[in-house]
Amino acid sequence: TQLLEQSPQFLSIQEGENLTVYCNSSSVFSSLQWYRQEPGEGPVLLVTVVTGGEVKKLKRLTFQFGDARKDSSLHITAAQPGDTGLYLCAGVPLDDAGNMLTFGGGTRLMVKP
Amino acid sequence: DVKVTQSSRYLVKRTGEKVFLECVQDMDHENMFWYRQDPGLGLRLIYFSYDVKMKEKGDIPEGYSVSREKKERFSLILESASTNQTSMYLCASSLGPGWGSYEQYFGPGTRLTVT
C-alpha cells in the first residue's frame, strides 16, 4: 500500500471534457506537490499547495489541498490533448522522521482529439 | 529556470557491463537524487546526496552505487548490469538545506535497456 494513493490510475477522455484526479492519504502533510510527466520525459513541477483548504489555479488546472492536509485534488476544465501525461502527487508526511519526499503511483491521463 | 541534464536519453548495455549515468544541475542545489521508474511500481528512490561526497541509500540501493565529487554532478553506477535493471532512470535536484519537502526538478530521464 502506498502512502499516497492516487485515483483513478488511468483515465481516457475526449477533448473538451472535465476531469478530477485525487491524491489521498491517512497521513498529514506539510505541503503537497503536483507534477506532470509527458511520455518519454521527466516529471515537471506544476504547483505546491501548503495551507489546508488552499486552492491554486494554473490556467485550466485547479488544485485543492484538503482542510486536514491529508488529501489533494486536481481538476482540469475542458481538457486538451496537450494535457495528456502522468500526473503525480508528492509530499513529506509530518510524522516521517526520514523526511523524504514520497510520490503517489500517478494517474495516467489520455485526452483524445 | 533550473536545468537538470542527463548524459544519455537512451542506452543499451550488455549483462555484466559497468554502466555510468551522469546528471548535472546548474542551479547550485544542495540535494540530488536518483530514481528508477517502472510501470506499476512508480518512482523508487535509489540513492540521494545532500552535499558533495555525501550519499544516503534510498529504497532500492542494491546493485547500484553513486558518486558526487562536485556539487553540480551526481553519477549513478551500475557495477554489473543485469536485465532486471532495465528501466527509466530519473535524476532530480532540490534546493536544501535538508532534503525533505523542497520541490524537486527532474532531468529528462535515461531509458536503459540491459540485454
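A brief look at the structure comes next. As the structure is a prediction and not an experimental result, all values here were calculated from the model. (Residues numbered from 1 in each chain as written. Chains lettered and ligands numbered in written order. Predicted model: local features only at pLDDT ≥ 70, side-chain atom pairs only at ≥ 80, totals over all residues. Heavy atoms only, no water.)

Examining the sheet that holds strand β1 (residues 4–6) of chain B
Residues and elements named next belong to chain B.
Part 1: Strand order in the open sheet made by the four strands is β1-β3-β8-β7, with antiparallel pairing throughout. Strand pairing shows two members of the sheet lacking a second neighbour, β1 and β7 (64–70), which therefore form its edges. With strand direction ignored, the average angle separating the axes of adjacent strands in the sheet is 20 degrees.
Part 2: When β7 meets strand β8 (residues 73–78), the two strands line up antiparallel, connected through five bridges. (Pairing = 2+ DSSP bridges. Helix = DSSP H or I, 4+ residues; strand = E, 2+ residues; numbered from the N terminus. Axes fitted to C-alpha atoms, helices over the stretch in contact; angles between N-to-C directions.)

Here's the deal with the packing of aromatic side chains
Part 1: For the structure on display, the rule yields nine aromatic pairs over all chains.
Part 2: Considering the side-chain rings of B:Phe33 and B:Tyr35, the 6.2 Å spacing of their centres and the 25 degrees angle between planes classify their relative orientation as stacked. For the pair formed by B:Phe33 and B:Tyr35, the shared burial category is buried.
Part 3: Relative to B:Phe48, the ring of B:Phe33 has its centre 6.0 Å away and its plane inclined at 25 degrees; by these criteria the two rings are stacked. Taken together, the positions of B:Phe33 in strand β4 (residues 31–38) and B:Phe48 in strand β5 (residues 42–51) put the pair 15 residues apart, joining distant regions of the chain. Assigned by exposure class, B:Phe33 and B:Phe48 land together as buried.
Part 4: Each residue in the set A:Tyr35, A:Phe103, B:Phe33, B:Tyr35, B:Phe48 and B:Phe106 is aromatic and connected to the rest through ring pairs, giving one cluster. (Phe/Tyr/Trp six-rings, centres within 6.5 Å; stacked < 30°, edge-to-face > 60°. Buried < 20%, exposed > 50% of the residue type's maximum accessible area, 1.4 Å probe, protein only.)

Some points on the interface of chain B and chain A
Part 1: Taken together, the contacts link 20 residues of chain B with 20 residues of chain A.
Part 2: Of the roughly 1,500 Å² buried where chain B meets chain A, counting both sides, 56% is carbon and sulfur surface.
Part 3: Across the contact surface, chain B and chain A share one salt bridge.
Part 4: The salt bridge involving B:Arg9 is made with A:Glu41; its shortest N-O contact spans 3.2 Å.
Part 5: The tally of links between chain B and chain A comes to six residue pairs in polar contact (both at pLDDT 80 or more). (Contact = heavy atoms within 4.5 Å. Buried area = accessible area lost by both parts, 1.4 Å probe. Salt bridge = Lys/Arg side-chain N within 4 Å of Asp/Glu carboxyl O. Polar contact = N/O pair within 3.5 Å; in protein donor to acceptor, adjacent residues only side chain to side chain.)

A word on the sheet that holds strand β3 (residues 19–24) of chain A
All names here are of chain A.
Part 1: Reading across the sheet, the five strands line up as β1-β3-β8-β7-β6 and stay open at both edges, with antiparallel pairing between neighbours. The outermost strands of the open sheet, each flanked by one partner alone, are β1 (5–7) and β6 (55–58). Direction aside, neighbouring strands of the sheet carry axes that sit 15 degrees apart on average.
Part 2: As judged from the six bridges shared by β3 and strand β8 (residues 71–76), these two strands associate in the antiparallel manner.

A closer look at the pattern of salt bridges
Residue and element names in this part refer to chain B.
Part 1: The final tally for this structure, using the stated rule, is ten salt bridges over all chains.
Part 2: Put simply, Arg44 and Asp38 hold a salt bridge, and the shortest N to O gap is 2.9 Å.
Part 3: A residue is classified by how much of its surface remains accessible, and Asp38, at 11% relative accessible area, is buried.
Part 4: Between Lys53 and Glu69 there is a salt bridge, with the nearest N and O atoms lying 2.4 Å from each other.

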